[in-house]
Number of protein chains: 6
Amino acid sequence: MHHQQMSIDIPDHMVHAAILRALEEDIGRGDLTTTAAIPPDIQGQADIVLREPGVVAGVPLLPVIFTMVDSRLQVESLITDGTNAPAGAVIARISGPVSGLLTAERVALNFVQHLSGIATLTAQYVAVLQGLPTRLLDTRKTTPGLRAFEKYAVRVGGGTNHRMGLYDAVMLKDNHLALLATLGMDVAAAVRRTRNAVGPTVRIEVEVETIADAHLAAQAGADLILLDNMPPPMMRQIVHELKGDAAPGTLPLLEASGGITLETLRAVAETGVDYISVGVLTHSVRSLDIGMDWHS
Amino acid sequence: MHHQQMSIDIPDHMVHAAILRALEEDIGRGDLTTTAAIPPDIQGQADIVLREPGVVAGVPLLPVIFTMVDSRLQVESLITDGTNAPAGAVIARISGPVSGLLTAERVALNFVQHLSGIATLTAQYVAVLQGLPTRLLDTRKTTPGLRAFEKYAVRVGGGTNHRMGLYDAVMLKDNHLALLATLGMDVAAAVRRTRNAVGPTVRIEVEVETIADAHLAAQAGADLILLDNMPPPMMRQIVHELKGDAAPGTLPLLEASGGITLETLRAVAETGVDYISVGVLTHSVRSLDIGMDWHS
Amino acid sequence: MHHQQMSIDIPDHMVHAAILRALEEDIGRGDLTTTAAIPPDIQGQADIVLREPGVVAGVPLLPVIFTMVDSRLQVESLITDGTNAPAGAVIARISGPVSGLLTAERVALNFVQHLSGIATLTAQYVAVLQGLPTRLLDTRKTTPGLRAFEKYAVRVGGGTNHRMGLYDAVMLKDNHLALLATLGMDVAAAVRRTRNAVGPTVRIEVEVETIADAHLAAQAGADLILLDNMPPPMMRQIVHELKGDAAPGTLPLLEASGGITLETLRAVAETGVDYISVGVLTHSVRSLDIGMDWHS
Amino acid sequence: MHHQQMSIDIPDHMVHAAILRALEEDIGRGDLTTTAAIPPDIQGQADIVLREPGVVAGVPLLPVIFTMVDSRLQVESLITDGTNAPAGAVIARISGPVSGLLTAERVALNFVQHLSGIATLTAQYVAVLQGLPTRLLDTRKTTPGLRAFEKYAVRVGGGTNHRMGLYDAVMLKDNHLALLATLGMDVAAAVRRTRNAVGPTVRIEVEVETIADAHLAAQAGADLILLDNMPPPMMRQIVHELKGDAAPGTLPLLEASGGITLETLRAVAETGVDYISVGVLTHSVRSLDIGMDWHS
Amino acid sequence: MHHQQMSIDIPDHMVHAAILRALEEDIGRGDLTTTAAIPPDIQGQADIVLREPGVVAGVPLLPVIFTMVDSRLQVESLITDGTNAPAGAVIARISGPVSGLLTAERVALNFVQHLSGIATLTAQYVAVLQGLPTRLLDTRKTTPGLRAFEKYAVRVGGGTNHRMGLYDAVMLKDNHLALLATLGMDVAAAVRRTRNAVGPTVRIEVEVETIADAHLAAQAGADLILLDNMPPPMMRQIVHELKGDAAPGTLPLLEASGGITLETLRAVAETGVDYISVGVLTHSVRSLDIGMDWHS
Amino acid sequence: MHHQQMSIDIPDHMVHAAILRALEEDIGRGDLTTTAAIPPDIQGQADIVLREPGVVAGVPLLPVIFTMVDSRLQVESLITDGTNAPAGAVIARISGPVSGLLTAERVALNFVQHLSGIATLTAQYVAVLQGLPTRLLDTRKTTPGLRAFEKYAVRVGGGTNHRMGLYDAVMLKDNHLALLATLGMDVAAAVRRTRNAVGPTVRIEVEVETIADAHLAAQAGADLILLDNMPPPMMRQIVHELKGDAAPGTLPLLEASGGITLETLRAVAETGVDYISVGVLTHSVRSLDIGMDWHS
């Protein structure tokens, strides 16, 4: 659902629930300091400012956070999500009752620092892929409770989302296949069994570790094939044998995965795989340093 | 509230709510892959294993997560939270219907990897303080929605918790004091105003940037004084002037803060401050590498 | 999530939430009649019985409903979902405190009557398709709040689920395409624009009304093509031109839709389309007549 | 609670909860199609139109549904609930951002189609009673989760609501009475026991199958007597013996029930019973055909 | 819904929600004292003891409260609700982990003290009515959030419940009637208008201040007539004129209300009214003194 | 969180949740009387009026309650919380649709009567302390679900809040200390064990029954010492020995507790204790008599 002030493509009810949860967690039964020390009617103004350069994400959350604390606060967003901004850049300016500003500050910064950290890291990976058709994917290795937000930040940083959860695509991983093997099913049989059980709107991905299995998966109609922890030459061979001269985007799509770093990323991409997935984008996030400066 | 299988000191209703949220986020309307591919009655067993050394946190969550997905799963915890374990250590063994095991795997790993990452980093900081009375504190720079869990992981790693939120202690920060200064109140007046407004169970901390303000805060009865971004010699002087030969723990307590790293931590502690707070413990978490190995 | 007594493939938290909602709706602040008239410790037994023949769906919900009202009730399921049972068949036998049995009766019957009504109607459509590879699909025309249950009942009746909602597949309908046309995009451009914006796990369906658009959609890489309200010969032509002798399941999949009835269903299927979707399965449900008989 | 734009007599919090649930169910983590294909700022307009004649119900929900998805959408209601409108009638006109319009369309139609189906069927039954004092009642055989809405639609169609649930009136049904008989209580004793246990604001209805029991119930002070599955002459006799020439509405009220159809309804009403209850009004709902037409 | 250990006639989901809310309110993010000071595995035992005589209410809540905090606690109830017990009486004995016992103590006492206070006061009023057919009623003047519990305590004390809320009976009060009078409706017209609008399961009460209005209400078919703040002789006259020698319980029922105290109660009852309602039962509750004694 | 119309220092989300709960409890599925009898568009005006003198609390809740029922109602607050007003004083004037006014009346009065009852009683206690530095404290003996509101009313009446719950301060009570004694810890050891386990923002209170234990607690660094049920001379001696001539507010703070009444309060205060806590403020509340008067 859409909020008038938001251009973020996460439904409103999810945005509000996550922010309310964070505010309840921090404010609890009340902000003791502000209540005790700050007269209720004093007006003020503050800026949210980058303390280091980075790709900003989460700006559309700021009006929601501040007005949820005090509906009289005015939030002017000065930068759009996805901007690669220098240190010192002002993201947003908030004005109104100082008490609400002080109460909301930490939650606001926690959100935008975390999401900007993800967008900035994603953008660094994406930059490495420049000029190649290969696209960067995230994973389900996200912080519990924040997946929609973290995957949004990946999009903001230029990445592409893999499935959101267990419910919107099939992925036959090594453990599934090992189990089905004990029941006498090879990769092709596993794909066919699965295809028969799901509806026509569901894509099926299969994780393979050998060239032979990649062929079996492709022949059985897998939409995506995950090449797990393979050396680049092996990936290149699979790309060649399965895709030949096909246009980018032709099925089956090939995804590389497994411990790929900023250093190894380009070499993997040059094998011709369609996608590379990187867990570190969301499971090991360094917050971008962002603070609040008050107008004197 | 206490769960029979948990030794974690977070109330049960918070534990269950956070896990339910994470499961709903990942599973949504159902695990397509497991439903389509895995026969419902197959039994299996798997281990949760450290892929790198670290301090483990979150093990008591595992039985809750797995049995919430399938109440027939058996979870045997093999390591207690706080253990500094080597790569290869088995944290827990789960057995029962394979379908539930597969469905719960990712959420279980996401929790324990995130919390163990925090505990491991905390333990690295705590190790630097060895032999000194100074204690390591966390901050409110936590991931939205996970504060109670992240602060638990800090305790597991040997750290001490600063306040949980705005509701359980007063902290007059630079912005509060600047505002009160415009109303004619110095640090001492601010502390007295605040003390008068809160009940007798509330501690008051004051952030100061000068030696003079530290004295004003102490004289006005501040319980804690935050020395923000001061050079160590200045901290040492404040410790000397305010605490003299007082026993550790004597009020006012002194806390150092501001960009302190593993490299600078010991020098700051040697100034004699009672506490050092470090935001990176929770705002920039690298997941500990933990995986699931299936028994063949 | 899996409940020990349930073989229904809807996550436990969804099942419990829907049942709790129904019980709260009916019981409110208490069952006045039972409280006033029925002594609390009387034991009894009752059967849930088909009053007309049909395909049963929802039996795994019965233990959840009755034990949520009184945990001492014993529920023995005697028929599995999907059984085409005659009038008089006993679905389940419940025994225990009569008070709880009486309080839960109506909610239990409301669920199983509604879902069995859907399964029975679905099975009638599926029977018409016998011997053909074409599969029957449901739609998003479901009763608000019950989609997961109604789509489950469609599966029980032998149907296949189309997408669950707006979140797990793309469907470019006439209105989307008309709008994009005003921006200068034909069907092929619309598909390409969409493909570029979504991740690799998302299938894209396109609704077309002409043979030319079907070709454009197929060339642009649509995974499914919805043939809306076409005369069967036109469908047959599209099947021939797009699929030729391809094996069933080959992309693009073709789906027929639009006012198809039990009478017209087979003729449509014989055109060779892969799927036929029918809204009436869930938007116009006649409850199967099911009652409760008490043991004297 | 009252919503400024609603004339529906269901409390606001129930309306919003049901709509939010339906939107979450359909939209989930986001409308992939609209997000991917439709530019966010395009404006448009659409009409909600009857595709067949019927009695409209649920129009006051439309502004709530559309503005919950996008608060910028304008909804102009053109028909009030209860109108018996012809095919082609425009119920409401919505204008604003096309993206929100597309996202909300299905949920809006699902609600108004379902409720209008109930109102239309109810009106058909009510029409048969024209000129007679007998009133048409609904039952508790409603779709789980939607009772308040379905009973509202019955009122819109001209029907009268029986009790809302187990909490707002007593109804001693055959099973209650059979059980109490085993404890030595006849119908009169059962009514007296119940009357003694409930407060003075509670009406008591008793289901009877014989003329003798009807007399016992009346003498013991039952407010309503349910004549279950009786032949019309028997009902007529009971009406005569219990009510004589009493004015309509005199206690005890008499209600006929049990498999009454459009064909048999008038004959039952002519026996002089005060009320006739019909389960099919809510347990077997055919959606009224309603669609959305876009303005080109 | 029924909980195995409870004989309280409030549905389980309401009981659990109220207790969970109270525990969350008191425990919040954890019981600091118990966590810090009490070793987790120490076992103990304590009694819940009356410190003054009174009628006990809320005992069935104790097992729910204590086991929600720690499922290992054993609660033995020693007195049933409604017992008029002397000072020193032991209500329940709890044994198990001391930590959970200490954490749950205050919430447990708060519930049972509050409800026993209501039951005790109610019993004092009921005792005054001994030998008379008149029954004591409560009102809607209850503590926000606890109505079902407070009305339960009234029943435990021997009182009878008036309507639970605005949803389960009609009551035309002075303000409704004054407004309808401005529209030209007298009491009889108001009753008829209302009767026509509600279903047959709804009782209608009318508040009157004159004998003439009592007659109008009775003639129009009011089920109950509230005699507000009338002198006893006037009540006696109305009883005589409306009820004559009718058996107790004959409609219309007469209810006296308005500032009736323990001192004036019997005189009012002797006028022959059927019911007397007393707001003080729930709006001005003195807790019964109940404490916890530890076994040494 | 702050609501534009509220000056109450309880976060908005807590205010709205409590009011919504109360409205749902009273209104349920709808206000039958208003719906049936009152035409929807009639406008009116009413005053909320004190029927006896007292200290008013809860006025800022009134706009929230009335507008939650009907957003068109206008609420003008005429008295601020904390005013000691005479009988007849008008607290607030509400105008708008009469239907909403009637529906919301009871919940509005229930809140403001309950909170004003607490504020009035608190003010009576506080008046007794006039001229002395001793301050009045509340306890955790509050009505389940309303603690934040009841403690707010205590503040309004001039009292000071003790801890909000188990989560924001440590209190070692007799039971904790008795248990620790069995483990060989005296009061001093208990305090030190606890201090070591909690963070620096947590105050520790210790309950003592002897002068010796008071000294032990003070020496071990307790911030507060609770003198339980001591005769005033004994309290005076402890004050003298522990505080001497120290300025008010010097640690350790001394709190008297245990059956202190309006009659004994001043004598206890004159012993020089810093705080006196009184459970009756919240556990035995007599509602202030407040009603609604309609404008004719």
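See the structure shown above.
I will try to describe carefully the structure that is included in this document. Since we're looking at a predicted model, the values are computed, not measured.

**What about the arrangement of the chains?**
- Contact between chain B and chain D is absent, and the least distance between their C-alpha atoms amounts to 9 Å.
- When C-alpha atoms are compared, chain C and chain F, though not in contact, are closest at a spacing of 9 Å.

**What to know about the packing of helix 4 (residues 98-128) of chain F against helix 5 (residues 147-156) of chain F**
Residue and element names in this part refer to chain F.
- Here helix 4 crosses helix 5 at 40 degrees, and the two axes come no closer than 7 Å. Overall, the two elements helix 4 and helix 5 adopt an arrangement that is oblique. The hand of the helix 4/helix 5 crossing is right-handed. Facing helix 4, whose interface residues are His114, Leu115, Ile118, Ala119 and Thr122, helix 5 presents Phe149, Glu150, Ala153, Val154 and Val156.
- Partitioned by chemical class, the residues of the contact of helix 4 with helix 5 number 7 nonpolar, 2 polar and 1 charged.

**Section: the relation of the copies chain B and chain A**
- Expressed as a screw operation, the relation of chain B to chain A combines 0.0 Å of axial shift with a rotation of 180 degrees, fitting to an RMSD of 0.0 Å. Both copies of the chain, as the preceding transformation shows, are related through a two-fold rotation axis. It is B:Val285 whose C-alpha, among those of chain B, lies nearest the rotation axis, at 3.0 Å.
- When the interface residues of chain B are mapped onto chain A, 100% of them are again interface residues, pointing to one common binding face.

**Points about helix 5 (residues 147-156) of chain B**
All names here are of chain B.
- For helix 5, a buried count of 9 out of 10 residues is recorded, marking the element as mostly surrounded by other parts of the structure.
- Arg147, Ala148, Phe149, Glu150, Lys151, Tyr152, Ala153, Val154 and Val156 are the residues of helix 5 that are buried.
- A positive backbone phi angle near 105 degrees is found at Gly158, which sits one or two residues after helix 5.

**Thoughts on the sheet that holds strand 11 (residues 275-277) of chain F**
All names here are of chain F.
- Read across the open sheet, the 6 strands follow the order 6-11-10-9-8-7; overall the sheet is parallel. Whereas interior strands pair on both sides, the edge strands pair on one side only; in this sheet they are strand 6 (135-137) and strand 7 (170-172). Mean inter-strand twist for the sheet, computed between neighbouring axes without regard to direction, equals 25 degrees.
- Relative to strand 9 (residues 224-228), strand 8 (residues 204-208) is paired through 4 bridges, and the arrangement is parallel.

**Examining the sheet that holds strand 10 (residues 253-257) of chain B**
All names here are of chain B.
- Read across the sheet, 6 strands follow the order 6-11-10-9-8-7 without closing on themselves; strand pairing throughout is parallel. Among the strands making up the open sheet, the edge pair consists of strand 6 (135-137) and strand 7 (170-172). Direction aside, the axes of adjacent strands within the sheet are offset by 25 degrees on average.
- Packing of helix 9 (residues 232-243) onto the sheet brings it into contact with strand 9 (224-228) and strand 10, and relative to strand 10 it is tilted by some 170 degrees.

**Let's talk about the interface of chain B and chain A**
- The interface of chain B with chain A comprises 59 residues on the first partner and 59 residues on the second.
- Counting each side, the surface lost to burial between chain B and chain A is near 5100 Å², with a carbon and sulfur contribution of 60%.
- A per-residue breakdown of the area chain B buries against chain A is headed by B:Glu25, B:Leu166 and B:Tyr167, which together make up 14% of the total.
- For the salt bridge of A:Arg140 with B:Asp26, the shortest nitrogen-to-oxygen distance reads 2.7 Å.
- At the junction of chain B with chain A, the criterion picks out 31 residue pairs in polar contact (both at pLDDT 80 or more).
- Contributing elements (two or more residues each) for the side of chain B that touches chain A: helix 1 (12-27), helix 2 (32-37), helix 4 (98-128), strand 7, helix 6 (174-182), helix 7 (187-197) and strand 12 (284-286) of chain B.
- For the side of chain B that touches chain A, a count of residues per class yields 28 nonpolar, 17 polar and 14 charged.
- Relative to strand 12 of chain B, strand 12 (residues 284-286) of chain A is paired through 3 bridges, and the arrangement is antiparallel. Looking at the pairing, A:Arg286 lines up with B:Ser284 of strand 12 of chain B.

Conventions used here
- Residues numbered from 1 in each chain as written.
- Chains lettered and ligands numbered in written order.
- Predicted model: local features only at pLDDT ≥ 70, side-chain atom pairs only at ≥ 80, totals over all residues.
- Heavy atoms only, no water.
- Contact = heavy atoms within 4.5 Å.
- Axes fitted to C-alpha atoms, helices over the stretch in contact; angles between N-to-C directions.
- Helix = DSSP H or I, 4+ residues; strand = E, 2+ residues; numbered from the N terminus.
- Parallel < 35°, antiparallel > 145°, perpendicular 65-115°, else oblique.
- Left-handed = near helix turned anticlockwise from the far one by under 90°.
- Nonpolar A, V, L, I, M, F, W, Y, C, P; charged D, E, K, R; others polar.
- Least-squares fit on C-alpha atoms with pLDDT ≥ 70 in both.
- Buried < 20%, exposed > 50% of the residue type's maximum accessible area, 1.4 Å probe, protein only.
- Pairing = 2+ DSSP bridges.
- Buried area = accessible area lost by both parts, 1.4 Å probe.
- Salt bridge = Lys/Arg side-chain N within 4 Å of Asp/Glu carboxyl O.
- Polar contact = N/O pair within 3.5 Å; in protein donor to acceptor, adjacent residues only side chain to side chain.

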